[in-house]
Amino acid sequence: DAGVTQSPTHLIKTRGQQVTLRCSPKSGHDTVSWYQQALGQGPQFIFQYYEEEERQRGNFPDRFSGHQFPNYSSELNVNALLLGDSALYLCASSLATGEAFFGQGTRLTVV
Amino acid sequence: TQLLEQSPQFLSIQEGENLTVYCNSSSVFSSLQWYRQEPGEGPVLLVTVVTGGEVKKLKRLTFQFGDARKDSSLHITAAQPGDTGLYLCAGVTNAGKSTFGDGTTLTVKP
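None of the values given here were measured: they were computed from a predicted structure.

*Asks:* Quick one: what's the story with the sheet that holds strand S3 (residues 19–24) of chain A, residue by residue and with numbers?
*Replies:* Residue and element names in this part refer to chain A. A sheet is described by the order of its strands in space; here four strands give the open sequence S1-S3-S8-S7, paired in antiparallel fashion. Unpaired on one side and paired on the other, strand S1 (5–7) and strand S7 (64–68) mark the two borders of the sheet. Strand-to-strand twist of the sheet, defined as the mean angle between neighbouring strand axes without regard to direction, takes the value 20 degrees. Relative to strand S8 (residues 74–78), S3 is paired through five bridges, and the arrangement is antiparallel. Pairing of Val19 across the sheet is with Val78, part of S8.

Quick look at the structure:
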């Protein structure tokens, strides 16, 4: 079991660009949550996907959007990147509201 | 907005010492989780506490959930260098949404 895998591991983008981050959940998990972790802070909840629909959303602007595919994998899209979007983006998968397992994250740097 | 405050923010101790870190909130959660995160990695779940007043032990780690389910503590006995890391608490709502604190960065020096 590969656990939760995220790609890419590191990414550098320019202000104004768009980025897509990918997450494959742990085998058997149907729920995927995305978090943003800025340096020196705890993870901040962005949104959660279940059955291909956004089930919950945190306090993030509409520039942050996502998608879940029939195989439960998920994408996080961020449009019109700002310098402040630089962070570690974490994906966590779970079965319904069970224990969440985190991936290693994608380190996004916006320059 | 549900907020979790963790203290202290940074803690540096010698191997063999004991320590306690705290997680406090004005909100009630259905459960509270503690995670440990190492540089370049995602958080790893250590424990989930559900019942007010609950105490759970994991080897040298003791976790306690406050009676009102608003606060929690993590006590480490005889800390070792391998305990070094960022310790995060997260309150979980009935809907399964997790709210994280900003963590306590623990350094255990040999």
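Moving on from the coordinates now.
*Asks:* Tell me about the environment of Gln9 of chain B, residues and numbers included.
*Replies:* Residue and element names in this part refer to chain B. Mapping Gln9 onto the fold places it in the loop between strand S1 (4–7) and strand S2 (10–14). Counting along the chain gives 13 residues from Gln9 to Tyr22, while the straight-line C-alpha distance between them is 9.7 Å. Residue contacts for Gln9: discarding those within four places in its chain leaves Gly103, Thr104 and Thr105.

*Asks:* Can you explain the interface of chain B and chain A? Please cite residues and give values.
*Replies:* Every contact between the two is made by 16 residues of chain B and, on the other side, 19 residues of chain A. Buried area between chain B and chain A, summed over both chains or domains, comes out near 1,300 Å², and the portion from carbon and sulfur atoms is 50%. On the chain B side of the contact with chain A, Lys97, Phe100 and Asp102 of chain B bury the most area, a combined 32% of that side's loss. The tally of links from chain B across to chain A stands at zero salt bridges. In this structure, the connection of chain B to chain A is made through three residue pairs in polar contact (both at pLDDT 80 or more). Secondary-structure elements contributing two or more residues to the side of chain B that touches chain A are strand S4 (31–37), strand S9 (85–92) and strand S10 (98–100) of chain B.

Criteria and cut-off values
- All residue numbers refer to position in the chain's written sequence, counted from 1.
- Note on labels: chains are lettered from A, ligands numbered from 1, in written order.
- Confidence filtering applies because this is a predicted model: local features only for residues at pLDDT of at least 70, side-chain atom pairs given and counted only at 80 or more, and all residues used for totals across whole chains, interfaces and linings.
- Water and hydrogen atoms play no part in the side-chain values, which are based on all heavy atoms of the structure.
- A pair of strands is considered paired only if DSSP assigns at least 2 bridges between the two.
- To qualify as a helix, a DSSP run of H or I must reach at least 4 residues; to qualify as a strand, a run of E must reach at least 2; elements of each kind are numbered from the N terminus.
- Every angle, taken between N-to-C directions, lies between 0 and 180 degrees, and every axis is a line fitted to C-alpha atoms, over only the stretch in contact when it is a helix.
- Only heavy atoms enter the contact rule, under which two residues are in contact if any of them lie within 4.5 Å.
- When two parts are put together, the accessible area they lose, computed with a 1.4 Å probe and summed over both, is reported as buried area.
- One side-chain nitrogen of Lys or Arg within 4 Å of one carboxyl oxygen of Asp or Glu is enough to make a salt bridge.
- Polar contact is defined as a pair of N or O atoms within 3.5 Å, subject to the rule that within protein one atom must be able to donate a hydrogen and the other to accept it, and that residues adjacent in sequence are counted only when both atoms are side-chain atoms.

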